[in-house]
Each structure stands twice: as C-alpha cells, then as structure tokens.
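Residue-level structural notes
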Amino acid sequence: MPSGAVDAHLSTELLASNKMHALLEEAKSKYPERYVVIDTPPCSFTSDPSVIVDAVDAIVMVVREGYSTKDQIDETIRILDNDKIVGIVFNCAEYAFGLKHYYHYYRRYYK
C-alpha cells in the first residue's frame, strides 16, 4: 500500500490509530502463511517506528554503512522493543580488501 502524501504529524497519528491496528490484525489473520512487512523511516527522522512497534511481531533493522553510527544504532535499539528485534541487515557495505576473492569462491554453490 502506498503511504500517500508526506505529513510527519499525520503519519504518526495514523500509525497509532485503532484503524491501523485493526488493519494489521486483519492482514495477519487473513493471510497467516504470509508476512506483513512495514517499512518505516529511521527512528532518528520520525517517531513512526516507535509508534508502530506495539502492533508488530518482529523488527528487522536496516543499518546503512557510513551513515549510521554505533550510538544511533544503540539508541534505536533502546527506543524500540529490544525483544522484538530479530536481526540487523548491514546495507551498502563496501568490499574489504581481499574479500572479493573469498565471495567468488562460494559463488559456485549458488548456481
């Protein structure tokens, strides 16, 4: 579903609404064999993730190399429900010297 017009104040109210929680419950019950994924902006930009955290079952954080500091990551984990964080995806990482050959070695297993 598209998010619609950008209005940070309104988006927080919508995410915290009873209708949003009912929509998520309906989606989970109607499609039990599927995952409902909610993509939110980073916690440092809006309060959206902290508002919706009560309605989700699990959290996968996406951390971009070179943009997110350790302090920001620690703060995000503190703000969100630590027990719901099931993983962290480290995105946009550069190859370290010598690792390109290492990954090439395993490429044959993925053919």
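Further up the page is the structure itself.
Residues numbered from 1 in each chain as written. Predicted model: local features only at pLDDT ≥ 70, side-chain atom pairs only at ≥ 80, totals over all residues. Heavy atoms only, no water.

Description of the overall build of the protein
- Counting its secondary structure elements, the protein contains five helices and two strands.
- Seen in sequence order, the protein has helices and strands lined up from the N terminus as α-α-α-β-α-β-α.
- Across the protein, contacts joining residues at least 24 apart in sequence account for 68% of those joining residues at least 6 apart.
- Surface summary for the protein: the accessible area is close to 9,500 Å², and the carbon and sulfur share equals 56%. (Helix = DSSP H or I, 4+ residues; strand = E, 2+ residues; numbered from the N terminus. Contact = heavy atoms within 4.5 Å. Areas by Shrake-Rupley, 256 points an atom, 1.4 Å probe, with all protein chains shown as cover.)

Some points on the pairing of strand 1 (residues 59-64)
- Here strand 1 shows a clear split, with Ile59, Met61 and Val63 buried on one side and none of Val60, Val62 and Arg64 buried on the other.
- Chirality of the crossover, the property in question, places the unit of strand 1, helix 4 (residues 70-79) and strand 2 (residues 85-91) among those that are right-handed. (Buried < 20%, exposed > 50% of the residue type's maximum accessible area, 1.4 Å probe, protein only. Right-handed = clockwise from strand over helix to strand, strands pointing away.)

Some remarks on the pattern of salt bridges
- For the structure on display, the rule yields five salt bridges.
- As a salt-bridge pair, Glu25 and Lys28 come within 3.3 Å of each other at their nearest N and O atoms. In this pair, Glu25 and Lys28 both sit in helix 2 (residues 18-30), three residues apart, roughly one turn of the helix.
- According to the relative accessible area criterion, Glu25 is partly exposed, its value standing at 47%.
- Lys28 gets classed as partly exposed once you look at its relative accessible area, which sits at 26%.
- Here Asp74 and Lys70 are joined by a salt bridge, their closest N and O atoms 2.9 Å apart. Of the two residues, Asp74 and Lys70 are both situated in helix 4; the distance of four residues between them amounts to about one turn of the helix.
- Take Asp74: its relative accessible area is 37%, and that puts it in the partly exposed class. (Salt bridge = Lys/Arg side-chain N within 4 Å of Asp/Glu carboxyl O.)

Describing the pairing of strand 2
- Here strand 1 pairs with strand 2 via six bridges, running parallel. Each residue of the ladder has a partner; that of Val63, found in strand 2, is Phe90. (Pairing = 2+ DSSP bridges.)

Some thoughts on the environment of His21
- Examined against the element boundaries, His21 turns out to sit in helix 2.
- Accessibility expressed as a relative area gives 26% for His21, which makes it partly exposed.
- Along the primary structure His21 and Asp54 are separated by 33 residues, whereas in three dimensions their C-alpha atoms are 9.0 Å apart.

Details of the nonpolar core
- Leu15, Met20, Leu24, Ile52, Ile59, Met61 and Leu80 are the most contacted members of the largest nonpolar core, which totals 15 residues.
- The residues touching Leu24, leaving out its near neighbours within four places in the chain, are Val36, Ile38, Ile52 and Ala55. (Core = buried A, V, L, I, M, F, W, Y, C linked by side-chain atoms within 4.5 Å.)

Digging into the side chain of Lys84
- Relative to the elements of secondary structure, Lys84 occurs in the loop between helix 4 and strand 2.
- Judged by its relative accessible area of 17%, Lys84 is buried.

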